[in-house]
Amino acid sequence: MKLSRRSILVLVGGAIIGVLTPAGQAVLRYPPPQFTPEEAPVDSGDAAGSMFRASARGAVFQGRDGDRFVFRAFAPEPDITVQGSAEGEWQVEVRNLHPEAILSSGTSDLVETKSNLARTVSGTAAESSFRFHFPKRERYRFAAIGDTGGGSELRWVLARADALGADFVLHLGDFNYGKGDYLGTVAALDAAGIPTYVAIGNHDFYEGFNSIHKLFRQHVGPRNASFELGGVMFVNIDTAAGFIPPGGGARGEFLGALERGEHIKDVVVFTHKPLKDPRQEESHSIPGLEYGFLRGELKRLGADTVVAGHIHIKEDFEDDGIRTLISGQGLAHADLIVDRPIAEILLADVTPDANKVDYHWAPLEMPFELHCNSRAWEVLVALDKPGVLRQLKEICAKP
Ligand SMILES: [Fe+2]
């Protein structure tokens, strides 16, 4: 059967979300409010028996063992400061850095070691600060995609983005579809060839009706953050939580303090939920007051583009002056529905001579055998695609 484009949009965007988690779908429509959400810590503070403390800008503090500190970058150029009462040995590991990131510091005795995307910096000075710079280049590329889960599809997406020449990935949320996905995601991100900055999705925020956003803060990063690179401001905002009023909570505070510098030529807002759902049949648009608040903030920042996931489609449309790019095909279930590879990943180029980020799409080319999981099978059963399911099970049964 040949499906019309409209049918594919409805099937891929709506049905699959329902198949995956009925409770999740209820959450989509009736988000419980978060009155006092905490943001991710960027400072280790002091600890008994330890000489030093460490703090960061652009990296979240993940833990310490005495005077050994671990941070995870959520921006391409994080700064770290180490402070102690006297000289002594300390070590800082920073994860999720570009493999060609360059360490710079005014402190002379720093020793740096590298392990994939992580760097460990050791020193003895009582006070030290250092920064990792994104590799110097005329142009850079990033990829954006969400709704991957935390398994083999995510690993493919990260490898594919790398192969397509991206310097980093904006993950648009929803990696936590099942047991083990949180830590599976962190392991996949750490094993990737390029760093990833993640927007929190509703499945990463809630498990059924339980709030699990602390896990995001602990393992992944802040739910609201911004950084600049090559004259472009990136703004990561949490659209997984419900805020009452919409301008309240950590997101409201974060946006209220955010200003667009005069040197900024373009703004990339990346988030999980698009402000507007382009489909008529089943709308996941952000509701009234929240929509108004977010639009107002985008206008204030001069941001005319939103990059989002949540709906398992690829779309590029204008919503009253705001270009919305939905890149939610991270599981490539669209391939299963039409029985040929059609899923795509969003790419974006930043060049010194252009004032705007240049967005375009590339084939995701997810290998068919990566659908060897019960999640894909359930989708095929729900959509009544016995032929594709049989074909998939035959491939999955092969040793
Ligand atoms: Fe979602």
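Every value quoted in this text rests on a predicted model; they were computed, and no experiment measured them.

Participant: Looking at this structure, I do not really get the pairing of strand β18 (residues 305-308). What am I missing?
Facilitator: Regular strands place their side chains on alternate faces of the sheet. In β18, alternate side chains face the same way, and those of Thr305 and Val307 on one face and Val306 and Ala308 on the other are all buried. In this sheet, β18 lies alongside strand β17 (residues 266-271) in parallel orientation, the contact comprising 2 bridges. Across the sheet, the residue bridging to valine 269 is valine 306, located in β18. Strand direction decides the pairing type here: β18 and strand β20 (residues 322-327), joined by 4 bridges, are parallel.

Participant: Where do I start with the domain arrangement of the protein in this structure?
Facilitator: Taken as a whole, the protein is organised into domain 1 (5-30 + 137-371) and domain 2 (52-133). The straight-line distance from the C-alpha centre of domain 1 to that of domain 2 is 29 Å. Taken together, the contact between domain 1 and domain 2 spans 16 residues of the former and 14 residues of the latter. When residues of the side of domain 1 that touches domain 2 are traced back to their parent elements, those giving at least two are α4 (181-191), β12 (196-198) and β15 (225-229).

Participant: How do you make sense of the sheet that holds strand β9 (residues 127-133) when you look at a structure like this?
Facilitator: The strands making up a sheet are joined through hydrogen bonds of the backbone, oriented either antiparallel or parallel. Here we have 4 strands laid out as an open sheet, ordered β1-β4-β9-β6, and antiparallel in their pairing. The two strands at the open ends of the sheet, each matched to only one other strand, are β1 (52-57) and β6 (102-105). Across the sheet, the mean angle from the axis of one strand to that of its neighbour is 20 degrees, orientation sign disregarded. Pairing analysis gives 4 bridges linking β6 to β9, with the strands arranged antiparallel. In the sheet register, isoleucine 102 faces β9, and the bridge partner there is histidine 133.

What counts and what doesn't
Residues numbered from 1 in each chain as written. Predicted model: local features only at pLDDT ≥ 70, side-chain atom pairs only at ≥ 80, totals over all residues. Buried ≥ 20, exposed ≤ 12 C-beta atoms within 10 Å, placed from the backbone. Helix = DSSP H or I, 4+ residues; strand = E, 2+ residues; numbered from the N terminus. Pairing = 2+ DSSP bridges. Domains from an automatic or database assignment. Contact = placed C-beta atoms within 7 Å. Axes fitted to C-alpha atoms, helices over the stretch in contact; angles between N-to-C directions.

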